[in-house]
Every structure is written in C-alpha cells, then in structure tokens.
2 protein chains.
Amino acid sequence: MSDGPTITTIAERAGVSIASVSRVLNGLPTREDTVRRVLSAADELGYVPNSVARSLKSRRTNQVAFAMADIGNPVYLTMVREIQPVLKAAGYRLVLHSTDADVAEEIDVLRSLGERYVDGLIMIPLRIGEAHLKAVEAARAPVVIIGSVPDGTRVDNVRTDSRTGVRLALEHFHSLGRRRIGFVNGPLDTVPGSARSTAYAEGIRELGLPYDENLVEIGDFYRAEGAQAVSRLLSRAPDLDAVMCANDLIALGALDVLRRAGRRVPEDVAVAGMDDIDLAAVAWPSLTSVSLGSAERGRLAAELLLDRLGNGDRDPKVVTVPPHLMIRASTVGEETP
Amino acid sequence: MSDGPTITTIAERAGVSIASVSRVLNGLPTREDTVRRVLSAADELGYVPNSVARSLKSRRTNQVAFAMADIGNPVYLTMVREIQPVLKAAGYRLVLHSTDADVAEEIDVLRSLGERYVDGLIMIPLRIGEAHLKAVEAARAPVVIIGSVPDGTRVDNVRTDSRTGVRLALEHFHSLGRRRIGFVNGPLDTVPGSARSTAYAEGIRELGLPYDENLVEIGDFYRAEGAQAVSRLLSRAPDLDAVMCANDLIALGALDVLRRAGRRVPEDVAVAGMDDIDLAAVAWPSLTSVSLGSAERGRLAAELLLDRLGNGDRDPKVVTVPPHLMIRASTVGEETP
C-alpha cells in the first residue's frame, strides 16, 4: 500500500482533530465548516476515500424510520398501518423504534441519521425540549415530527388539537347531565399530558362547573397504570358520575376497575377515552373516544416526508388534523340490537 | 484530485464487473472470491478507499433488528418487551420490521444485512421455504430464527411446541365434559397454521372423539378475520360446546361473536386461545390460553444473538421452550371474588 495521506495528515492540514476527520469521513453529524475544511484538506492531499465517504453520505438506503414511544400503544399501530403502505408504494421499507418516550434515546436516533441507516425519519416524541429541537434541526436526514413543536421550529410537522378534543368530551358528558366529571391524565411533563390538563381545567370552567382537584388523578398512558389511577380516583371521589381519560388505554383500565367495583357503565359512571384506537370499538361496553385522526396524521406525515425527500429545499410545512368525538356505549349505553 | 486508480481500473485488474467492485466497496453481499479479487486488485493499485470500505464492513452499528409478521399482534409485543432490555444492557438499540409475513419482504430484510444497517437480526417468519432458508444461511450478519426451521439448518433457533400446546387445551375441554370442540385456525400455508391443524386432528382422535370437518374453520391470525371465521363456524355447527382458537386474537374475536349471538361463555361455549397475550388476562371473561412462552422465547433469542455476536464461530444452537396452559374464566367460569 502506498504511503498516501492519512486521517492524521488531513487533520493537520485542516487544523482540526483526528476525531473530527473520522466523523466527517464516516458521515457523522459535524459542524458545517469542519466538514468543509476536512473535505478540502483531503482533496488537496489527494485523499481518494473522499469519494467513498461522499457516496456513503449520499447513498440511498430505501429505508425510513418511525420512532414512537411504545409499540404497545395501538395508536401508534394505527399510524404504522397508514405510514407503511404510503412508503412502500414509493419504494421505501419502514423500520420502527420504540423509544419508551426516553428523550436521550430519541436524540440518539436523531443523531444516528448521520450514519445513514435510513433516508428519513418520522418521530412522535412525547416530551419536546431544547435538546430535542436542536437535534431535530441538526439532523442529517429529513425529519417529520408528529406532535406539537414550538412555532417557528424548522421542521415538517403534523399536529392535532387535543385541547379541543378534551372539550368535546366534556361537553358531551355535560349534555348527558353529568356534573361530577373526573379526569385521569398521563404525566404532566409530556406535551399531551400538559395540553390535556389545561384543556380539562378550562373546559370544566367553561361549563360553569367548579374545579375540584379531588376529581383529578395522574397516572401514565398505559392500561395498568391507568387502572391504578382510576382506582385512586374512585376511592377519593366515590360520587363521580363520569371519567374523562387522557387516552384509550387508561379508559380501558377504567372499564376494568369500574366493572370490578360493581359500577355500571354508563348508568353509574360514563367513561370516555382519547385516540379512538381499534380496541375502543370492540371493548365491552364499546368506548366513547375522542379521535385525534391518528390514521390521517400518519398518512400526512409519510406524505410530507416523501415530499421532502424529493425536494430538500422547500420551507417546512405544518399540517393540523382536527379532533372529533366518536360516541359509543360507554357514555350513551348499548343500542338495542 | 490525483489521477489515481478508479473502480474501472480495479474492475479491469480484478477481471470482474464495475458493479461487482462497487458492491464490494459498499459492503454489499458479494461472492467470497469476488470480494477477495477486488480487494487484492485494489491493494495492488494502491487504492486507499479499501480501508474505508473495510471499516465500513466491519463497523458496528450497535443496532439489532427484530422482524415480525405484525406489530399489531401483542405476542410480538411481549417478545419486544423482553428482547429490548437484553440488547440495551449490551449496548444495542433495537429496530423493528413489521413484514406482514410477506416472504419476499423477509428475504429482502435478510439480504439487506449485507448493507450493515444492523449488526444482527432476530426473525420470526410464519412461512419458511427454500428461499427463506437459503437467504438465512447466506446472511451477512448473525441471524436468530424464532420458529420451527427444518432440522440441520445452520442457524441459531428458538422454538416452542405448539402441537403439544393444542393438545393441552383439547384435554382441558374434554375434562370439562365438552365433546363438540370446534377449531378456528389461521392459514394452513403458515408453519403455525399447519402444526396446529395436525395437532387438532391428532388430539381429537386421541380423545376418542370423531373428527368432524364441520367443526373446523380457517380464517387468519387477526381479530376481525378470526371473528368472521367463528361466525361461519357457529352457523355451520350451532351445537358446538367449545372453541379452540389458534391464537388469542382469534379467541378475542370469538368472545365478541358469542356474546352478540347470546351464547354464554363458558356455560354454553367454552373458549381457549393460544399465545397468552397480556389481553387474555384482562379480557371479559378472562381468556384461557396456551402459553407458548413468548417472553422466554424473546429473551432466549436475544441472548443467543448476543452470544453469536461475541463468538461468530460456534455451532448453531436450538433451544425449545415448552408450552403450558393458563386456565381462566372462558373455560371454567369466573371465580367468586
């Protein structure tokens, strides 16, 4: 082998660290000006691997990733069922990440885009902080975020309006004569938890009902944790006549808890969930739920990503899908067959 | 840039096509001797990118893929919940493929291992044919198969024994005095569908019962298709007093259909499923199910893969997890609280 330029000589010439040269040649995220200095130093030294590194950076993998909090939540499944065929028709295979809503893991996924194992990413983070947004904007491949990001963030974004969704359900309970409406939420440090908390407080006030903190309980967005939170709520506010649940898994847990406690749904306690997952329609009783247009959000996200892969330069787009209420037996009783 | 060797001059020297050189330098699957000729020609010509290509081929991605038929089936979710922490503890991130049991797609995933987007693969195929096995044996990264592969296949393999599982359920029905035991299966061209069909026929015979084809219906391993198959079965054999379902999603569909048909479970019709998914325990009534050790199979598969990643040369291992029956209300009635 010839005694040609090495990453050490390139590093000297470019005035950057050896690690930086290695990062650039491996297509890892690196500051723009470092990339430029390394590539021009390598060119000047006649370092041929540049072309390989460049082809590495530009090669298509024909894969797209979808990163969600928990593949156990059917709302993400609904999205996958929409995203996958849209991508497949365009020649892309879908790979999935279940991040457990862990911010560090999500940022790690965003950074890995520099390694080009996929051509683009659809992500639905539950917590969106500074570090997240920086990693999104620095991502080395196109990203679409499903969820609410701060206005002005440079990213394609599909959102819904869960605050309006919560109010639709509260108005429905109120129209049925319910006045002691409990609320079981997920963690308040998540974007949906925070939005739904505000929406419940506002909605209760707008209906002219007193805000009673005994009627509010925090659990998590899973069935088991939701059921435990409903149990706590029920022992603290045994006179409640309705429960608004921040997602359908919590609501399914509520149905279990109420059944085992001998409360009839909806006669004694009406129950509504959120997300309108497939299980809502087949639950017993079938579950009234606020649809946040999961299927449509998934499809729109896939379409935005494909559009971006075809046109990297256009301005970011924000698309909003409005919520609507699916009324079923858990609030209005079983229809007679 | 210097006028150094190019993939064209390497191709001439090695006596192979330009495409082959490109494949080798990009780490794509290529015949062993082609790889050797290309790399030695490139060395002789002083082509530096070799080192980049080599580091590309040997680089760790710290990702492992799990390819399953359908992320909507909770049995795979159970596996993911076991696989993910085992891999994470060893520094690997999990990426998921939902293949819809499509053989072409699964083979495509196996072939893509040459592109090194992951360091290894755990796959649970429903249909295992010649093409599959060839792709498994030719895979460019370690593979573990969950499911029954032909004896002698050179692959690490975790299996269960669903035939014994079906018989456990049939014996349970028989011990409860049930004699008209229906069977709702998934497609017969799948490995589990075929095994469970044989097991039902044998099990019925061993119990001294007549095999009645009116008691057998084929649907698919999903809840909606399962429910439709149970409806057909019920109208053809209205006198059945038990239904064995080839998985829990079908059994959950059976509970819906029987409820809407006014049949009491288990008084009129006892129901059992298979896989023992989380929903089985919280269904109403709770569902008797044959556990095929999904959690354990997932964990063992992850451990086998890690072991293989640490020691590429050992002989393939086959591990078998025995089934057991989880008896719940859908066969023996609700316990009094």
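Structure's up top.
These numbers come from a predicted model, not from an experiment.

Visitor: Can you tell me about unusual backbone geometry, naming the residues and giving the values?
Guide: Between A:Trp284 and the following residue, A:Pro285, the backbone shows a cis peptide bond with an omega angle of -5°. Checked against the element boundaries, A:Pro285 lands in the loop between α12 (278-282) and β10 (288-291). With an omega of 10°, the peptide bond between B:Val265 and B:Pro266 qualifies as cis. Here B:Pro266 shows up in the loop between α11 (248-260) and β9 (270-274). One non-glycine residue, A:Asp100, lies in the positive phi region at around 60°. Counting through the fold element by element, A:Asp100 comes out in the loop between β2 (93-98) and α6 (103-112).

Visitor: Describe the sheet that holds strand β8 (residues 242-245) of chain B, listing the residues and the values that go with them.
Guide: Residue and element names in this part refer to chain B. Ordered by their spatial adjacency, six strands build an open sheet running β7-β6-β8-β9-β10-β12, and the pairing between neighbours is mixed. The strands lining the two open edges of the sheet, one partner per strand, are β7 (216-218) and β12 (324-326). Between one strand axis and the next, the sheet turns through 20° on average, direction left out of account. With three bridges joining them, β9 and strand β10 (residues 288-291) adopt parallel strand pairing. Opposite Gly 273, over in β10, you have Ser 289 as the bridge partner. Contacts between helix α8 (residues 162-175) and the sheet are confined to β6 (181-185), β8, β9, β10 and β12, with β9 contributing the most and set at about 165° to the helix. Against the sheet, helix α10 (residues 223-236) touches β6, β7 and β8, its axis set at about 150° to β7.

Visitor: Explain the side chain of A:Thr190 to me, using residue names and the numbers behind them.
Guide: Residues and elements named next belong to chain A. As for its placement among the helices and strands, Thr 190 is situated in the loop between β6 (181-185) and α9 (191-206). Engagement of the side chain of Thr 190 in a polar contact is seen with the backbone nitrogen of Gly 193, the distance being 3.0 Å. Those residues in contact with Thr 190 that sit more than four places away from it in its chain are Leu 126, Arg 127 and Phe 221.

Calculation notes
Residues numbered from 1 in each chain as written. Chains lettered and ligands numbered in written order. Predicted model: local features only at pLDDT ≥ 70, side-chain atom pairs only at ≥ 80, totals over all residues. Heavy atoms only, no water. Helix = DSSP H or I, 4+ residues; strand = E, 2+ residues; numbered from the N terminus. Pairing = 2+ DSSP bridges. Axes fitted to C-alpha atoms, helices over the stretch in contact; angles between N-to-C directions. Contact = heavy atoms within 4.5 Å. Polar contact = N/O pair within 3.5 Å; in protein donor to acceptor, adjacent residues only side chain to side chain.

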